Amino acid sequence: MNTTRGFTGRPRAARPGLPPGQYDAGDDWPVLSAEVTPDVSPADWTFRVSGLVAEPRTWDWAGAHRLPASAYSGDIHCVTGWSKFGVRFGGVSLDTFLEAARPLPSATHAVAYSHTGYTANLPLADLTGGRAWIVREYDGQPLAPEHGGPARLVVPHLYFWKSVKWIAGLELLDHDEPGFWEQNGYHARGNPWEEQRYSGD
Amino acid sequence: MTETAAHTTGSFTPPTRFAVPGRIEVDGAAAGTWQTATLTEIRRETHRASTFRFAVPGWAGHLPGQHLMLRLTAEDGYVAQRHYSLASAPDDSGHIELTLDHVEDGEVSGWFHTVARPGDRIEVRGPLSGFFAWPGDRPALLLGAGSGVVPLMSMVRHHRALGLTVPLRLLVSARTPGELIYARELGTETTPVFTRGAPAGTPVGRMTTAHLAPLLAEAPAGGWEAYVCGSNSFAEHASRLLVAAGQPVDRIRIERFG
């Protein structure tokens, strides 16, 4: 261990939900995106599930609203180091969309893509079983554009760059295909509990 | 089933091509290896910001705009990690420089500003991320605010060090002249904007279209590659100004300090 002379760090309040190398952002919710925030109105928004599915499907805003509502309450973790506790997102479980499109047995991975063309790759297993949502509300209010509104993907058990803002669709594949940050040196899966920040971690 | 069959091979391209492709490949081995960095010099830039120079003998080299990850370790094993942009231009000196604001209650910046002294050793890994890198190839229009000027200064220094002729302009926002980081080093490529105070005769106010218009009017052949760096509120403001002034969204790269 290479200790740093004179460094004590902030008080070690026990924070059992904090993954290694992360800090508690408190009330802050930093915005991190590498592109201009797009102007996507609910009327423009669609969400498509395609690729290795029995029935490619596209939902518009009203169609997605007719699906059963589902919420996530818990923590989120950004690869830049902050974690945010006790956030509340409202939307629809991704399982609901996938059950309608029916993934083929050959589907193993997905590329999630935004209305700007930003992409992130995920194993299909990380998107099913009540662990992923398409959300349109944060803390009971419409999701702000800079945070991905009108709707974004939320996969809270992975670093948050996987939770694609301005979500436009999921393409199911039979192989893993690196998305934007994954092509720029970031880890293919991004599990905060194993501190999978960069490729090679 | 032709639709699904088409996707079993080859690569997937979203209906909208991502606006801003990455610029360079990142060296995964360098990005993944923690190295010891020895502090060799501290230079005050403003009353809130100082530059810290480190010897990193195994540094793999970087491009302007890239960042690194840094960690400090306490006696009990507690580790604090942060990402910081590189301030120095790439060179073969075996040294790198970071310029850090003293953040109120910041456990890492607080250590740097109140405890650190030459000879101290920390750990770094990098360089990281090729997205915001500028290899010096395309005309560069740089917009920064506060410590957001740091990666942009690496670009300015690189431009000077190599005597590049590709056009480069820096529009930098600071609260006051005294808070303008690197003030003595900025040259004719730079237009400062002061938001809170300035000597009589110098306008005070937010960056506006009026600041950008002349720069976009003199856009070189092939147009500018725009790099925006600062707080999220500055990044939102500046990127909207760029779009409104006609800069294509696929030629705007944004680094937000969070």
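Residues numbered from 1 in each chain as written. Chains lettered and ligands numbered in written order. Predicted model: local features only at pLDDT ≥ 70, side-chain atom pairs only at ≥ 80, totals over all residues. Heavy atoms only, no water.

1. Quick look at the overall build of chain A
Part 1 of the argument: Looking only at helices and strands, chain A has two helices and 11 strands in total.
Part 2 of the argument: Seen in sequence order, chain A has helices and strands lined up from the N terminus as β-β-β-α-β-β-α-β-β-β-β-β-β.
Part 3 of the argument: Here the C-alpha atoms of chain A give a radius of gyration of 17 Å, agreeing with the 17 Å that 2.2 N^0.38 yields for 201 residues.
Part 4 of the argument: The principal-axis extents of the C-alpha atoms in chain A amount to approximately 60 × 35 × 30 Å.
Part 5 of the argument: Counting only residues that meet the buried cut, chain A has 58% of its 201 residues in that class.
Part 6 of the argument: Of the roughly 7700 Å² of accessible surface on chain A, 52% is carried by carbon and sulfur atoms.
Part 7 of the argument: Side-chain charges of chain A comprise 17 positive and 23 negative groups, with the mean position of each set lying 5 Å from the other. (Helix = DSSP H or I, 4+ residues; strand = E, 2+ residues; numbered from the N terminus. Rg over C-alpha atoms; globule rule 2.2 N^0.38 Å. Buried < 20%, exposed > 50% of the residue type's maximum accessible area, 1.4 Å probe, protein only. Areas by Shrake-Rupley, 256 points an atom, 1.4 Å probe, with all protein chains shown as cover. Lys, Arg positive; Asp, Glu negative; His and termini not counted. Charge placed at Lys NZ, Arg CZ, Asp CG, Glu CD.)

2. Re the interface of chain B and chain A
It is common to give the size of an interface as the accessible area lost on bringing the parts into contact.
Part 1 of the argument: The interface is formed by 60 residues belonging to chain B together with 53 residues belonging to chain A.
Part 2 of the argument: Both sides of the chain B and chain A interface together cover about 4600 Å² of buried area, and 55% of this is carbon and sulfur.
Part 3 of the argument: The interface formed by chain B and chain A holds three salt bridges in total.
Part 4 of the argument: The shortest N-O distance in the salt bridge between Asp-201 of chain A and Arg-125 of chain B comes to 2.8 Å.
Part 5 of the argument: Mapped onto the side of chain B that touches chain A, the elements with two or more residues apiece are α1 (2-5), β3 (67-73), β4 (79-85), α3 (107-114), β6 (121-128), α6 (232-244) and β11 (252-257) of chain B. (Contact = heavy atoms within 4.5 Å. Buried area = accessible area lost by both parts, 1.4 Å probe. Salt bridge = Lys/Arg side-chain N within 4 Å of Asp/Glu carboxyl O.)

3. So, the sheet that holds strand β6 (residues 109-114) of chain A
Residues and elements named next belong to chain A.
Part 1 of the argument: Pairing in this open sheet of five strands is mixed, and the strands run β3-β2-β11-β6-β7 from one edge to the other. The sheet terminates laterally at β3 (57-60) and β7 (119-123), the two strands that pair on one side only. Here the average twist between neighbouring strands, direction ignored, is 15°.
Part 2 of the argument: For β6 and strand β11 (residues 167-173), the ladder comprises six bridges, and the chain directions are antiparallel. Residue pairing in the sheet places Tyr-113 in a bridge with Gly-169 of β11.
Part 3 of the argument: Packed onto the sheet, helix α2 (residues 94-101) meets β2 (46-51), β3 and β11 and runs at close to 50° relative to β2. (Pairing = 2+ DSSP bridges. Axes fitted to C-alpha atoms, helices over the stretch in contact; angles between N-to-C directions.)

4. Description of the domain arrangement of chain B
Residues and elements named next belong to chain B.
Part 1 of the argument: Looking at the assigned domains, one finds that chain B contains domain 1 (28-128) and domain 2 (140-257).
Part 2 of the argument: The centre of domain 1, based on its C-alpha atoms, is set 24 Å off from the matching centre of domain 2.
Part 3 of the argument: Taken together, the contact pairs 20 residues of domain 1 with 15 residues of domain 2.
Part 4 of the argument: Between domain 1 and domain 2 lies a buried interface of about 1300 Å² when both sides are counted; carbon and sulfur atoms form 54% of it.
Part 5 of the argument: Taken together, domain 1 and domain 2 are joined by zero salt bridges.
Part 6 of the argument: One can count four residue pairs in polar contact (both at pLDDT 80 or more) joining domain 1 with domain 2.
Part 7 of the argument: Those elements giving two or more residues to the side of domain 1 that touches domain 2 turn out to be β2 (49-55) and β5 (95-101).
Part 8 of the argument: Examining the composition of the side of domain 1 that touches domain 2, we find that three residues originate from one element, β5, more than from any other.
Part 9 of the argument: Here the residues of the side of domain 1 that touches domain 2 sort into six nonpolar, nine polar and five charged. (Domains from an automatic or database assignment. Polar contact = N/O pair within 3.5 Å; in protein donor to acceptor, adjacent residues only side chain to side chain. Nonpolar A, V, L, I, M, F, W, Y, C, P; charged D, E, K, R; others polar.)

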